[in-house]
Amino acid sequence: MSHELPPLPYPKEALEPHIDALTMEIHHDRHHKAYVDNLNKAIAGNAALEAKPLDALIKDLASVPENIRGPVRNNGGGHWNHSFFWKLMAPKAGGTPTGKLADAIKAAFGSFADFQAKFEAAGIARFGSGWAWLVSNGGKLEIVSTANQDNPLMGKAVAGCEGKPLLGVDVWEHAYYLKYQNKRADYLKAWWNVVNWAEAAKNF
Ligand code: MN
């Protein structure tokens, strides 16, 4: 099985003015594509790994031979994270979550505003490149962050945290630099305008 770059679920300019079209084009067509290509390259010739779905692959990095574990971690994580991320954004989205997810966020963080502040802080505090996540860890909602292309599904020993991702935001500079330059906090604030809460609720 060869991994494939999923198409963006909306046109590249659909998230304007919050996320600009050129950023989306480079981010998806070049960065994400490179993760997919390099993942395929890393596992080429290993039939067992080639047969594994992406989820299973990144959840069990210990079973990946050591000589390709690094590339599979970085590029498998990159492929998973970006495939997840595109769906969590949408045009005419934003606002607040509803239903069970809204209740769970309130129960865990006090209020939606408190949740937003904590989530933004996790993104800002990530030194260098990585992600901030809202995860369900055994039914309990938590905010965590990972370095590089690590993912909570990789588990505590690898990623430093664990849980099922419900929401995730890319804080690599390539996600925001063209429009926001060094102002990651401004990007994170603007990002709320494009969050697809229906998709996050589905993940929950
Ligand atoms: Mn990215």
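Remember, it's a predicted structure, so these values are computed and weren't measured experimentally.

Asks: Lay out the packing of aromatic side chains with the relevant residues and their values.
Replies: This model, assessed by the stated rule, comprises 20 aromatic pairs. Ring centres 5.7 Å apart and planes at 45° place the aromatic pair F85 and W86 in the tilted group. As far as burial versus exposure is concerned, F85 and W86 are alike and both buried. The ring centre of Y180 lies 5.8 Å from the NZ or CZ of K179, which sits over that ring.

Asks: So what's going on with the domain arrangement of the chain? Which residues, and what values?
Replies: How big an interface is tends to be stated in terms of the accessible area lost upon association of its parts. Each domain of the chain was delimited in the assignment, giving domain 1 (21–87) and domain 2 (99–203). Look at where the C-alpha atoms of domain 1 and domain 2 centre, and you get two points 20 Å apart. Between domain 1 and domain 2, the residue contacts involve 20 residues of the former and 24 residues of the latter. Contact between domain 1 and domain 2 buries roughly 1,800 Å² in total, counting both sides, with carbon and sulfur atoms accounting for 63%.

Asks: I'd like a rundown of the packing of helix α1 (residues 21–43) against helix α4 (residues 66–87), residues and numbers included.
Replies: Taken N-terminus to C-terminus, the directions of α1 and α4 make an angle of 145°; their axes are 8 Å apart at the nearest point. Seen from above, α1 lies across α4 with left-handed handedness. From α1, M24, H27, H28, H32, A34, Y35, V36, N38, L39, A42 and I43 reach across to α4, where they touch I68, P71, V72, N74, N75, G76, G78, H79, H82, S83, F85 and W86. Tallied by class, the residues present in the contact of α1 with α4 amount to twelve nonpolar, eleven polar and no charged.

Asks: Could you give an account of the nonpolar core, with specific residues and numbers?
Replies: Counting residues in hydrophobic clusters, the biggest one holds 58 residues, and the most contacted among them are F115, F119, L134, L167, Y187, W191 and W197. Among the elements that take part in this core, α4 stands out by supplying six residues, more than any other. A domain-level breakdown of this core finds at least three residues from each of domain 1 (21–87) and domain 2 (99–203). Beyond its immediate stretch of four places on either side in the chain, F119 contacts A132, W133, L134, I143, L167, V169, W191 and W192.

Asks: Residue-level account of the pairing of strand β2 (residues 140–147), with values.
Replies: As judged from the eight bridges shared by strand β1 (residues 130–137) and β2, these two strands associate in the antiparallel manner. What sits directly across from W133, in β2, is V144. A loop of two residues connects β1 with β2, the two strands running antiparallel in sequence, and G138 in this loop sits at a positive phi of about 60°.

Asks: A description of unusual backbone geometry should follow, citing residues and the corresponding values.
Replies: Here the bond from E16 into P17 is cis, since omega is 0°, no more than 30 degrees from zero. Structurally, the position occupied by P17 is in the segment before α1. The residue N148 is not glycine, and still its phi comes out positive at about 55°. Its place among the elements puts N148 in the loop between β2 and α7 (156–159). The class for N148 is partly exposed, based on a relative accessible area of 40%.

Asks: A description of the packing of helix α6 (residues 112–125) against helix α9 (residues 184–191) should follow, citing residues and the corresponding values.
Replies: The interhelical angle for the contact between α6 and α9, taken along N-to-C directions, is 145°, at an axis separation of 10 Å. Both α6 and α9 take part in a crossing whose hand is right-handed. Where α6 approaches α9, its residues F119, E120, G123 and I124 are matched on the opposing element by R184, A185, L188, K189 and W191. Taken together, the residues that form the contact of α6 with α9 break down as five nonpolar, one polar and three charged.

Cut-offs applied
- Sequence order as written defines residue numbering, which begins from 1 separately in each chain.
- Residue-level local features of this predicted model are given only where pLDDT is at least 70; pairs of side-chain atoms are given and counted only at 80 or more, and the full residue set underlies all totals for whole chains, interfaces and linings.
- Excluded from the side-chain calculation are hydrogens and water; included are all heavy atoms of the structure.
- Here is the rule: rings of Phe, Tyr and Trp (six-membered ring for Trp) pair when centre to centre is within 6.5 Å. Planes less than 30 degrees apart are stacked, more than 60 are edge-to-face, and the remainder are tilted.
- Throughout this description, buried means an accessible area under 20% of the type-specific maximum (1.4 Å probe, protein chains only), exposed means over 50%, and partly exposed covers the range between.
- Consider the ring centre and the ring normal. A charge sits over the ring if Lys NZ or Arg CZ is within 6 Å of that centre and within 35 degrees of that normal.
- Start and end positions for the domains come from either an automated domain assignment or a database one.
- By the convention used here, residues are in contact when the closest approach between their heavy atoms is within 4.5 Å.
- Accessible area, probed at 1.4 Å, shrinks when two parts are joined; the buried area is that loss added up over both.
- Between N-to-C directions, angles span 0 to 180 degrees; the directions come from axes that are lines fitted to C-alpha atoms, helices contributing only their stretch in contact.
- A run of DSSP states H or I qualifies as a helix once it reaches four residues; a run of E qualifies as a strand once it reaches two. Both are numbered from the N-terminal end.
- Should the near helix be turned counterclockwise from the far one by less than a right angle, the crossing is left-handed, whereas a clockwise turn marks it as right-handed.
- For this classification, the nonpolar set comprises Ala, Val, Leu, Ile, Met, Phe, Trp, Tyr, Cys and Pro, the charged set comprises Asp, Glu, Lys and Arg, and every other residue, Gly included, is treated as polar.
- Grouping buried Ala, Val, Leu, Ile, Met, Phe, Trp, Tyr and Cys residues that are joined through side-chain atoms within 4.5 Å yields what is termed a nonpolar core.
- When DSSP finds at least two bridges between two strands, those strands are taken to pair.

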